[in-house]
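Structural characterization, general
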Amino acid sequence: MNQKFNTVELTKMALLTALICVSAYIVIPLPFTPASLTAQTLVVNLIALLLTPRQAVFTMVVYILLGLTGLPIFSGGMGGPGKLFGPTGGYIMSWIPAVMLMSWLKGKNYSFKRYCLVTILVGMPVIYLIGSAYMKFITGMDWTATFTAAVIPFIPLDIFKCFAAALIAKPVQISLSNAQRTR
């Protein structure tokens with residue numbers, strides 16, 4: 001089994017890493033929670049839907065390491081260990097198992113229904129579970145307060161982002177396969 005990534009794979013991963021960095025700047029702070037609405041969930045879903053599990057995990061690890069070094073690529077243009085190990089850091093860390101599971105369960109061929117189901121029923125619960133458990137641990141809030149602040153307000157927009165990612169994935173996959181055929 002070849003353990004190296006080829007040029008096309010590296011390019012896809014680099015572009016998606018750049019996209020998640022940029023999406024961190026599309027943020028709507030909410031006054032009642034340390035978590036904000038961001039475009040990052042959309043990109044996390046795209047990473048899972050466009051890459052293999054290995055590529056998706058590698059992409060998320062690179063993103064987290066870049067942010068950990070202090071680059072301002074976490075939500076709201078933050079960076080460094082303070083953000084990663086702060087109240088919302090669990091969401092960032094949850095993206096690794098979430099993209100791995102979504103990518104693994106999405107199947108080999110595009111299916112809008114399957115992509116939506118995998119992102120909504122697998123990805124979002126993994127992100128919510130790990131992110132809110134970490135927030136509860138860091139802040140000391142009880143489960144009800146944590147769930148009210150860190151999960152419930154995000155569900156409607158996250159479902160919309162899952163549908164959007166499933167829609168966006170098809171033309172991107174078609175473009176990528178056309179580009180690979182013309183090489």
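What counts as what
- Residues numbered from 1 in each chain as written.
- Predicted model: local features only at pLDDT ≥ 70, side-chain atom pairs only at ≥ 80, totals over all residues.
- Heavy atoms only, no water.
- UniProt positions renumbered as here; feature names shortened; annotations may be inferred.
- Salt bridge = Lys/Arg side-chain N within 4 Å of Asp/Glu carboxyl O.
- Helix = DSSP H or I, 4+ residues; strand = E, 2+ residues; numbered from the N terminus.
- Buried < 20%, exposed > 50% of the residue type's maximum accessible area, 1.4 Å probe, protein only.
- Core = buried A, V, L, I, M, F, W, Y, C linked by side-chain atoms within 4.5 Å.
- Contact = heavy atoms within 4.5 Å.

If you look the protein up in an unreviewed UniProt entry, it shows as Biotin transporter from [Clostridium] clostridioforme CAG:132. UniProt, in its Sequence similarities (unreviewed entry) section for the protein, records the words "Belongs to the BioY family." Entered under Subcellular location (unreviewed entry) in the UniProt record, the comment concerning the protein runs "Cell membrane".

1. Some points on the pattern of salt bridges
Within the structure shown, the criterion is met by 1 salt bridge. Between Asp158 and Lys161 there is a salt bridge, with the nearest N and O atoms lying 3.2 Å from each other. With a gap of 3 residues between them, Asp158 and Lys161 both fall in helix α8 (residues 155-181), about one helical turn apart. The same class applies to Asp158 and to Lys161, which are both buried.

2. Focus: the nonpolar core
Core analysis: the largest hydrophobic core is formed by 45 residues, its most contacted members being Ile20, Val44, Ile47, Met60, Tyr63 and Trp95. Within the residue set of this core, elements represented by two or more residues are α1 (7-23), α2 (40-50), α3 (53-68), α5 (89-105), α6 (112-139) and α8. The element contributing the most residues to this core is α6, with 8 residues. Among residues more than four places away in sequence, those in contact with Val44 are Ile20, Met60, Trp95, Val99, Met102 and Ile127.

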